[in-house]
Amino acid sequence: MKSSFVVPTDLDPVQRHPKAAKAGERMRMHNPMCFGCGEESPNGLRLEMFAGEEFTVDAAMRVQTQFEGGPGVIHGGVLSTAFDDVMGMVPLLVGPSAVTVHLEVDYIKPIPVETTLQFRASLLGRQRRKIYTEGIAHYGDPTQPVAVAHGIFVTINAREHFADHLENSQLSDEYKRRLSRP
Ligand SMILES: CCCCCCCCCC(=O)SCCNC(=O)CCNC(=O)[C@H](O)C(C)(C)COP(=O)(O)OP(=O)(O)OC[C@H]1O[C@@H](n2cnc3c(N)ncnc32)[C@H](O)[C@@H]1OP(=O)(O)O
């Protein structure tokens, strides 16, 4: 792998959040309108995320014909979107909301449309607000990935982070109501 992604050696201890989904349980959507996992996103990927053992998240994605990039194969941007969302659920096993600050993808094999890709995202470590993750896309055997991603997510105060943008949400009224609660 050629990349500058480096996980620091002086990592903080991490514990699974007591309210995090248990292994095998479906994880709650962070936003119903999310393009990656939102059930109400009209054209989204609608990924269903499942908490795994330790700090892992699993998801599956049918590679629909409309995801085509090169002839007959997935568009790289669609794949990176899926990675972003699956890997973005890993911080929720630790606790805090976090957003992507860095995402890189190694595309290893062409991925045909009309196949079903499996994703597994894992925590590599936490240092202060930075949460280091890895994602693997495969067809059932995680030791034979067809793409691998690495990402850094930084924890945020969601209320403050999104405050200036709620008006633009397709669920703006709902979010304004929710975030105005003390
Ligand atoms: C809400 C739940 C979401 C759950 C799932 C989501 C899945 C989808 C995820 C997404 O797609 S999120 C959308 C794309 N991402 C963004 O819009 C984030 C845009 N960036 C920001 O808003 C700010 O950069 C951010 C609030 C994240 C950080 O700014 P701050 O001013 O609060 O923090 P700062 O810049 O000091 O950075 C904090 C730490 O992160 C480090 N950092 C920041 N950007 C980095 C970067 N690009 N690469 C590596 N490290 C980075 C920074 O060095 C520092 O490290 P140290 O703790 O060691 O000092």
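Please read all numbers here as calculations on a predicted model, not as lab measurements.

Asks: Please explain the overall build of the protein chain as it appears in this structure.
Replies: The helix and strand inventory of the protein chain stands at 4 helices and 6 strands. For the protein chain, the α and β elements follow one another from N to C terminus as β-β-α-α-β-β-β-β-α-α. Taken over C-alpha atoms, the radius of gyration comes to 17 Å for the protein chain, in line with the 16 Å a tight globule of 182 residues would show. Here the C-alpha coordinates of the protein chain stretch approximately 50 × 40 × 30 Å along the principal axes. Within the protein chain, buried positions represent 27% of all 182 residues. Summarising the internal contacts of the protein chain: among those between residues at least 6 apart in sequence, 63% fall at separations of at least 24.

Asks: What exactly am I supposed to notice about unusual backbone geometry here?
Replies: Glycine aside, residues mostly have negative phi, and peptide bonds are mostly found in the trans state. Phi is positive for Arg46, close to 50 degrees, though the residue is something other than glycine. Residue placement: Arg46 occurs in the segment before β1 (49–51). Given 17 C-beta atoms within a 10 Å radius, Arg46 is considered partly exposed. Phi is positive for Glu54, which is not a glycine, with a value near 50 degrees.

Asks: Explain helix α1 (residues 76–88) here, please?
Replies: An α-helical segment advances 3.6 residues per turn. Residues three or four places apart therefore align on the same side. With 13 residues, α1 extends 18 Å between its outermost C-alpha atoms, agreeing within 8% with the 18 Å of an ideal straight helix rising 1.5 Å per residue. Looking only at α1, the buried set comprises Leu79, Ala82, Phe83, Asp84, Asp85, Val86, Met87 and Gly88. Looking at the buried residues of α1, the elements they touch are β1, β2 (56–62), β3 (98–107), β4 (116–127), β5 (130–138) and β6 (147–155).

Asks: How do you make sense of the nonpolar core when you look at a structure like this?
Replies: One broad rule of soluble globular proteins: the nonpolar side chains tend to lie buried together. Leu47, Val57, Leu79, Ala82, Val86 and Val90 are the most contacted members of the largest nonpolar core, which totals 35 residues. Residue assignment for this core shows that the elements contributing at least two residues are β1, β2, α1, α2 (91–94), β3, β4, β5 and β6. Sort the elements by how many residues they give to this core and α1 lands first, with 5 residues. Not counting residues up to four positions away in its chain, the partners in contact with Val57 are Met27, Met49, Phe50, Ala51, Gly52, Val86, Met89, Val90 and Ala121.

Asks: Help me understand the site of the ligand, please; the structure alone is not making it clear to me.
Replies: In the neighbourhood of the ligand, 17 residues make up the surrounding shell, with Gly88, Ser97, Val99, Val101 and Arg128 lying closest. At the level of elements, α1, β3 and β6 are the ones that each hand at least two residues to the shell around the ligand. Taken together, the residues that form the shell around the ligand break down as 7 nonpolar, 5 polar and 5 charged.

Asks: How should I be thinking about the confidence of the model for the protein chain in this particular structure?
Replies: If pLDDT is low for a region, its predicted coordinates should not be looked at in detail. Residue-level pLDDT values for the protein chain average 94, and 98% of them are 70 or greater. The complex model carries a pTM of 0.96, and its ipTM stands at 0.97.

Asks: Honestly, the UniProt feature "domain: Thioesterase" (unreviewed entry) in the protein chain in this entry has me stumped. Any pointers?
Replies: Per the UniProt record, "domain: Thioesterase" (unreviewed entry) is annotated on residues 72–141. With 24% helix and 44% strand, residues 72–141 has end C-alpha atoms that lie 23 Å from one another.

Asks: Which parts of the structure should I look at to understand the pairing of β6?
Replies: The two faces of the sheet receive side chains in turn, since in a regular strand these alternate between them. Here β3 runs beside β6; their pairing, made up of 9 bridges, is antiparallel. Pairing of Asp106 across the sheet is with Val148, part of β6. Of the pairings in the sheet, the one linking β5 to β6 comprises 8 bridges and is antiparallel in character. What sits directly across from Gly135, in β6, is Ala149.

Asks: What is the right way to look at the environment of Ile74 in this model?
Replies: The residue Ile74 is located in the loop between β2 and α1 in this model. For the pair Ile74 and Thr115, spaced 41 residues apart in the sequence, the C-alpha separation amounts to 9.7 Å.

Asks: How should the sheet that holds β6 be read in this particular structure?
Replies: Strand-to-strand pairing in sheets goes through backbone hydrogen bonds, with the strands running parallel or antiparallel. Spatially, β1-β2-β4-β5-β6-β3 is the arrangement adopted by the 6 strands of the open sheet, whose pairing is antiparallel. Of all strands in the sheet, those with a lone pairing partner are β1 and β3, marking the two edges. Geometrically, the sheet is characterised by an average inter-axis angle of 20 degrees between neighbouring strands, direction not taken into account. Along the sheet, α1 makes contact with β1, β2, β3, β4, β5 and β6, crossing β3 at roughly 135 degrees.

About the criteria used
- Residues numbered from 1 in each chain as written.
- Predicted model: local features only at pLDDT ≥ 70, side-chain atom pairs only at ≥ 80, totals over all residues.
- Helix = DSSP H or I, 4+ residues; strand = E, 2+ residues; numbered from the N terminus.
- Rg over C-alpha atoms; globule rule 2.2 N^0.38 Å.
- Buried ≥ 20, exposed ≤ 12 C-beta atoms within 10 Å, placed from the backbone.
- Contact = placed C-beta atoms within 7 Å.
- Expected span 1.5 Å × (residues − 1).
- Core = buried A, V, L, I, M, F, W, Y, C linked by C-beta atoms within 7 Å.
- Near = placed C-beta within 6 Å.
- Nonpolar A, V, L, I, M, F, W, Y, C, P; charged D, E, K, R; others polar.
- pLDDT = per-residue confidence, 0-100.
- UniProt positions renumbered as here; feature names shortened; annotations may be inferred.
- Pairing = 2+ DSSP bridges.
- Axes fitted to C-alpha atoms, helices over the stretch in contact; angles between N-to-C directions.

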